[in-house]
Amino acid sequence: MKEEFYIGQIFEGLYPPAAAIWCNANNAFIDVIGERRYEIKEVPPVPAPTKEEQKEARARAYQAEVDPITSHISRLRDAEQTEEITAEIAELIAERDAKVEEIKERYPYPTDPITD
């Protein structure tokens, strides 16, 4: 017979190992609520990052992923210009622009009103 488990279920004494397996599959955990008493509780959702945390994450991504491309573009612009270098600069600019859009998607700012 298959045991049924649920959020809020309390165990006196030992809880069955199947309860822990159920918790792992159902976003739950077993919490100690007293001496030899346990309760199945839901894992709380991870809070959304704050606007400041998103700004910091986006800034780190720009520094790690966009700045090297921009530096490479600058070095190429300082070199003697040839058709090949001009074409490479254009490719790098397109790559940089795509990377900026990707970072904006990865680290969106919250859309609901937030006071700073």
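A quick note: this is a predicted structure, and the numbers were derived from the prediction, not measured. (Residues numbered from 1 in each chain as written. Predicted model: local features only at pLDDT ≥ 70, side-chain atom pairs only at ≥ 80, totals over all residues. Heavy atoms only, no water.)

Participant: Tell me what's going on with the overall build of the protein, and back it up with residues and numbers.
Facilitator: The secondary structure content of the protein amounts to three helices and three strands. Mapped in sequence order, the helices and strands of the protein form the string β-α-β-β-α-α. Computed over the C-alpha atoms, the radius of gyration of the protein is 26 Å, more than 25% above the 13 Å expected from 2.2 N^0.38 for a compact globule of 116 residues. Principal axes of the C-alpha set define a box for the protein whose edges measure 80 × 40 × 20 Å. (Helix = DSSP H or I, 4+ residues; strand = E, 2+ residues; numbered from the N terminus. Rg over C-alpha atoms; globule rule 2.2 N^0.38 Å.)

Participant: Please provide a residue-by-residue account of the pairing of strand S3 (residues 37-42), values included.
Facilitator: Here strand S1 (residues 10-12) pairs with S3 via three bridges, running antiparallel. Considered in S3, the bridge of Phe-11 is made with Tyr-38. Two strands pair when backbone bridges link them, and strand S2 (residues 28-34) and S3 are joined in this way by six bridges, in the antiparallel orientation. Pairing of Ile-30 across the sheet is with Ile-40, part of S3. In this antiparallel pair of consecutive strands, S2 and S3, the connection spans two residues, and Arg-36 shows a positive phi of 60 degrees. (Pairing = 2+ DSSP bridges.)

Participant: Give me the nonpolar core: which residues, what numbers.
Facilitator: In this structure, Phe-5, Phe-11, Ala-19, Cys-23, Ala-28, Ile-30, Tyr-38 and Ile-40 together form the largest nonpolar core, which totals eight residues. Mapped onto this core, the elements with two or more residues apiece are helix H1 (17-25), S2 and S3. Beyond its immediate sequence surroundings of up to four residues, Ile-40 is in contact with Phe-5, Tyr-6, Ile-7, Gly-8, Gln-9, Phe-11, Trp-22, Cys-23, Ala-28, Phe-29 and Ile-30. Membership of the second largest hydrophobic core comes to six residues, among which are Ile-69, Leu-76, Ile-85 and Leu-92. (Core = buried A, V, L, I, M, F, W, Y, C linked by side-chain atoms within 4.5 Å. Buried < 20%, exposed > 50% of the residue type's maximum accessible area, 1.4 Å probe, protein only. Contact = heavy atoms within 4.5 Å.)

Participant: Go over the sheet that holds S2, please, and point to the residues and values.
Facilitator: Overall, antiparallel pairing links the three strands, which are arranged S1-S3-S2 in an open sheet. Looking at which strands have only one partner, the edges of the open sheet turn out to be S1 and S2. Averaged over all neighbouring strand pairs, the angle between strand axes comes to 25 degrees, with direction disregarded. Sitting on the sheet, H1 touches S1, S2 and S3, and the angle it makes with S2 is about 130 degrees. (Axes fitted to C-alpha atoms, helices over the stretch in contact; angles between N-to-C directions.)

Participant: Can you tell me about the packing of helix H2 (residues 51-78) against helix H3 (residues 83-106), naming the residues and giving the values?
Facilitator: Where H2 contacts H3, the axes come no closer than 10 Å and their chain directions differ by 170 degrees. Overall, the two elements H2 and H3 adopt an arrangement that is roughly antiparallel. Split into classes, the residues belonging to the contact of H2 with H3 amount to twelve nonpolar, two polar and ten charged. (Parallel < 35°, antiparallel > 145°, perpendicular 65-115°, else oblique. Nonpolar A, V, L, I, M, F, W, Y, C, P; charged D, E, K, R; others polar.)

Participant: Would you mind going over the confidence of the model for the protein in detail, with residue names and values included?
Facilitator: Taken residue by residue, the protein gives an average pLDDT of 91. The fraction at 70 or more is 93%. Confidence scores differ between elements of the protein, with H2 showing the lowest mean pLDDT of 94 and S3 the highest of 97. (pLDDT = per-residue confidence, 0-100.)

Participant: An account of the side chain of Arg-58 is requested, with residue identities and associated values reported.
Facilitator: On the secondary structure map, Arg-58 appears in helix H2. Buried and without a salt bridge, Arg-58 has Glu-101 as its closest oppositely charged side chain, separated by 8.5 Å. The contact partners of Arg-58, leaving out residues within four places of it in the chain, are Ile-103, Lys-104, Tyr-107, Pro-108 and Tyr-109. (Lys, Arg positive; Asp, Glu negative; His and termini not counted. Salt bridge = Lys/Arg side-chain N within 4 Å of Asp/Glu carboxyl O.)

Participant: A description of the side chain of Gln-54 should follow, citing residues and the corresponding values.
Facilitator: Structurally, Gln-54 is set in helix H2. Its relative accessible area of 9% is what places Gln-54 among the buried residues. At 2.7 Å, the side chain of Gln-54 forms a polar contact with the backbone oxygen of Pro-108. With residues near it in sequence (within four places) discarded, Gln-54 still touches Pro-49, Tyr-107, Pro-108, Tyr-109 and Pro-110. (Polar contact = N/O pair within 3.5 Å; in protein donor to acceptor, adjacent residues only side chain to side chain.)

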